[in-house]
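Architecture at a glance
Okay, here's what each chain looks like letter by letter:
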Amino acid sequence: MRGANLRGAYLIGADLGAADLRLADLIGADVRDADLRGADLTGSIFLTQSQVNAARGDARTRLPGSVSRPGHWSR
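Describing unusual backbone geometry
Backbone geometry places Leu23, a non-glycine residue, at a positive phi of 65°. Position of Leu23 relative to the elements: it lies in the segment before α1 (49-54). Given a relative accessible area of 46%, Leu23 falls into the partly exposed group. The backbone of Phe46 shows a phi angle near 65°, a positive value even though the residue is not glycine.

In structure tokens form, the structure reads like this:
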């Protein structure tokens, strides 16, 4: 899914574990409860803190420098 156009996509509860989402356009994507454990989101475009906070991730999830790892994510 590297470089995918996911603008406005409904990814609620989607299994994106270990997905390569580098350079993916995530503007307006709904990732509530999406599984991002082990996913690589470095360089993703328009990823917001609120999107990350609404998703599930872990210590293996790679994030761009513009967002922080939520405290509720598993370690």
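Examining empty space enclosed by the protein
Counted under the stated rule, the structure contains 1 cavity of 30 Å³ or more. In this structure, the largest cavity spans a volume of roughly 30 Å³. In terms of lining residues, the largest cavity is bounded by Leu11, Leu16, Leu21, Leu26, Val31, Leu36, Leu41 and Leu47.

Details of the environment of Ser66
In this fold, Ser66 is placed in the segment after α1. On the accessibility criterion, Ser66 (61% relative accessible area) is exposed. Along the backbone, Ser66 and Phe46 are 20 residues apart, and their C-alpha atoms lie at a distance of 9.5 Å.

Calculation rules
Residues numbered from 1 in each chain as written. Predicted model: local features only at pLDDT ≥ 70, side-chain atom pairs only at ≥ 80, totals over all residues. Heavy atoms only, no water. Helix = DSSP H or I, 4+ residues; strand = E, 2+ residues; numbered from the N terminus. Buried < 20%, exposed > 50% of the residue type's maximum accessible area, 1.4 Å probe, protein only. 1 Å grid on protein atoms, 1.4 Å probe; cavity = no way out; pocket = protein on both sides within 12 Å on 5 of 7 lines; lining within 4 Å. Points joined across faces, edges and corners; volume = space filled by probe spheres on them.

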